[in-house]
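Coordinates in review
Listed below are the residues making up each chain.
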Amino acid sequence: IAPYATLFHWDTPQALQEDGGWANRRTVDDFVAYADLVSKRLGDRVVSWSTHNEPFCVATLGHEHGVHAPGLQDLSTAVAVSHHLLLAHGAAVPVIRANAPQAEVGIVLNLTDVMAASPSAVDAEARELADQSVNRWYLDPLAGRGYPDALCAHYESSGAWPSEGLVQTGDLATIAAPIDFLGVNYYFRSLVRSAVVPESQNLVRTEHERPERTAMGWEIYPEGLGALLRRLHHDYTFQRLYITENGAAFDDEVGADGQVNDPRRVAYFRAHLAQCADAINAGVPLAGYFAWSLFDNFEWAYGYAKRFGLVHVDFETLLRTPKRSAQWYADVVANNALPSPSTETVANTAPNSPVSGGPA
């Protein structure tokens, strides 16, 4: 077991938030000082450092839509936050590398395969804007290309671009500091519809949607992961890719026999890992995969209501019971390969062994 550390996973100190948080450029310097302190202390033991996890969620969900902390709803603020997060990443990379020269340094983005819901021109236009907002707004500057021109123009024309001085001389060069890997969090594709044409007038827009969804309401579309990996390899030059999060929440329950059978999660992992294998065979530099997650845990705004874990947690007693998916995934890890159907059938009958409770 090796530690892959993330320095910032949405947990802005309250004192900094009261001073503007990530909307304040001074937070960049605070983050770099924090990265310096932590990497000096733990740099001899951590093999991999991620600066940020999912800056899109911090900027857009936290500052534009208000569904995550700090709960703001202002697009201009969200744009500033996204820039400062990327700037803090780039400024911290050489600091971490100096303190932990044997470790790799990168960043984790939540990315998606963006598709138009219909062949219509308006959906194609909406798809392009969504792709730039979710994917390219972060990928392009990390790759040294700056921010996408079309989205910058869209922000400016809509009055959402912050006041002058947001992107200062040298910022884009700092953001583009060379990294050792890009972490990719993938859960679902994005099927984009334009708001120009009402849904009731264009029902073809829903024909490509799949009915199977997770407990989060997310469409299950493993092909999107394969398409995303191939695109990253084709369009960018990141040295290595990791799938840093991939998984599914379902309404798991402990059965009368004390076992947790979760065949839908097994099927989810199997389909997505098969896409990873195909991508590797196609030359994609995919170096690792992290299942989300080991335990049922605290899922942000959903609290403890959504279960992503390979291990079931009784939140009253803290008793932990490995689910069917835990054993299946352990076999995958041990063999570095997907099991054959015959092996999987035998494994289905194996019992789960509860693990003693207590804090994780």
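Residues numbered from 1 in each chain as written. Predicted model: local features only at pLDDT ≥ 70, side-chain atom pairs only at ≥ 80, totals over all residues. Heavy atoms only, no water.

This part covers the overall build of the protein. For the protein, the count of helices and strands is eleven helices and ten strands. Taken against the 2.2 N^0.38 rule, which gives 21 Å for 360 residues, the C-alpha radius of gyration of the protein at 21 Å falls within 12% of a compact globule. Out of the 360 residues in the protein, the part that is buried amounts to 48%. A sequence separation of at least 24 residues applies to 70% of the contacts in the protein between residues at least 6 apart. Counting every atom, the protein has about 16,800 Å² of accessible surface; 55% of that belongs to carbon and sulfur. Each charge class in the protein can be summarised by its mean position, and for the 25 positive and 42 negative side chains these summaries are 4 Å apart. (Helix = DSSP H or I, 4+ residues; strand = E, 2+ residues; numbered from the N terminus. Rg over C-alpha atoms; globule rule 2.2 N^0.38 Å. Buried < 20%, exposed > 50% of the residue type's maximum accessible area, 1.4 Å probe, protein only. Contact = heavy atoms within 4.5 Å. Areas by Shrake-Rupley, 256 points an atom, 1.4 Å probe, with all protein chains shown as cover. Lys, Arg positive; Asp, Glu negative; His and termini not counted. Charge placed at Lys NZ, Arg CZ, Asp CG, Glu CD.)

Moving on: the nonpolar core. Ranked by internal contacts, the top residues of the largest apolar core, which has 79 residues, are L182, L229 and L232. When residues of this core are assigned to their parent elements, the largest contribution, ten residues, is made by helix 4 (residues 75–99). Dropping the residues within four chain positions of it, L182 is found in contact with I107, L109, L111, L139, L232, F238, R240, L241 and Y242. (Core = buried A, V, L, I, M, F, W, Y, C linked by side-chain atoms within 4.5 Å.)

Let's shift gears to the confidence of the model for the protein. Confidence along the protein averages 92 in pLDDT terms, with 91% of residues attaining 70 or more. This model gives residues 345–360 a pLDDT under 50, and the stretch forms 30 contacts once residues within four places in sequence are excluded. (pLDDT = per-residue confidence, 0-100.)

The gaps left among the atoms become clear once a water-sized probe is rolled over them. The full count for this structure, using the stated rule, is one cavity of 30 Å³ or more. Forming the walls of the largest cavity are F56, A59, T60, E64, L75, A78, V79, S82, S133, W137, Y138 and Y155. Counting residues per element, the ones that place at least two in the lining of the largest cavity are helix 3 (55–63), helix 4 and helix 5 (121–142). Looking at the lining of the largest cavity, the element that brings in the most residues is helix 4, giving four residues. Along the lines of polarity and charge, the residues of the lining of the largest cavity split into eight nonpolar, three polar and one charged. (1 Å grid on protein atoms, 1.4 Å probe; cavity = no way out; pocket = protein on both sides within 12 Å on 5 of 7 lines; lining within 4 Å. Points joined across faces, edges and corners; volume = space filled by probe spheres on them. Nonpolar A, V, L, I, M, F, W, Y, C, P; charged D, E, K, R; others polar.)

What follows covers the environment of V122. With respect to the secondary-structure elements, V122 resides in helix 5. Under the relative-accessibility criterion, V122 is labelled partly exposed at 26%. Taking C-alpha positions, V122 is 41 Å from L294, a pair spaced 172 residues apart along the chain.

Moving on, we get to helix 6 (residues 149–157). Burial in helix 6 covers these residues: L151, C152 and Y155. The arc that holds every buried residue of helix 6, seen down its axis, measures 105 degrees, which confines them to one face. Away from its buried face by more than 90 degrees, helix 6 exposes D149, E156 and S157. Turning to helix 6, the residues buried within the fold contact helix 4 and helix 5. Of the residues one or two after helix 6, G159 is the one with positive phi, at around 75 degrees. (Arc of directions from axis to C-beta.)

What follows deals with helix 5. The end-to-end C-alpha distance of helix 5, which contains 22 residues, comes to 30 Å, matching closely the 32 Å that a straight helix rising 1.5 Å per residue would cover. Along helix 5, the sharpest change in direction is near 60 degrees and occurs at R136. (Expected span 1.5 Å × (residues − 1). Bend = angle between axes of the 7 residues up to and from the residue.)

For the rest of this paragraph, the subject is the pattern of salt bridges. Tallied over the entire structure, the rule returns 18 salt bridges. Salt-bridge contacts for D131 lead to R231; the nearest nitrogen and oxygen are separated by 2.7 Å. Within this pair, whereas D131 is found in helix 5, its partner R231 is found in helix 8 (residues 223–235), the two being separated by 100 residues in sequence. By relative accessible area, which is 2% here, D131 ends up buried. For K323, the salt bridge identified is with D296, shortest N-O distance 2.9 Å. With K323 in the loop between strand 10 (320–322) and helix 10 (324–335) and D296 in the loop between strand 8 (286–289) and strand 9 (311–313), this residue pair connects regions lying 27 residues apart in the sequence. Owing to a relative accessible area of 0%, K323 belongs among the buried residues under this scheme. A residue is classified by how much of its surface remains accessible, and D296, at 4% relative accessible area, is buried. Put simply, D252, D262, R265, D296, R307 and K323 are held in one network by salt bridges that share partners. (Salt bridge = Lys/Arg side-chain N within 4 Å of Asp/Glu carboxyl O.)

Here the bond from A69 into P70 is cis, since omega is 5 degrees, no more than 30 degrees from zero. Mapped onto the secondary structure, P70 falls in the loop between helix 3 and helix 4. Of the consecutive residues W292 and S293, the connecting peptide bond is found in the cis state with omega at 0 degrees. Mapping S293 onto the fold places it in the loop between strand 8 and strand 9. With phi around 50 degrees, E54 is a residue other than glycine that occupies positive phi space. With respect to the helices and strands, E54 occurs in the loop between strand 2 (48–53) and helix 3. By relative accessible area, which is 7% here, E54 ends up buried.

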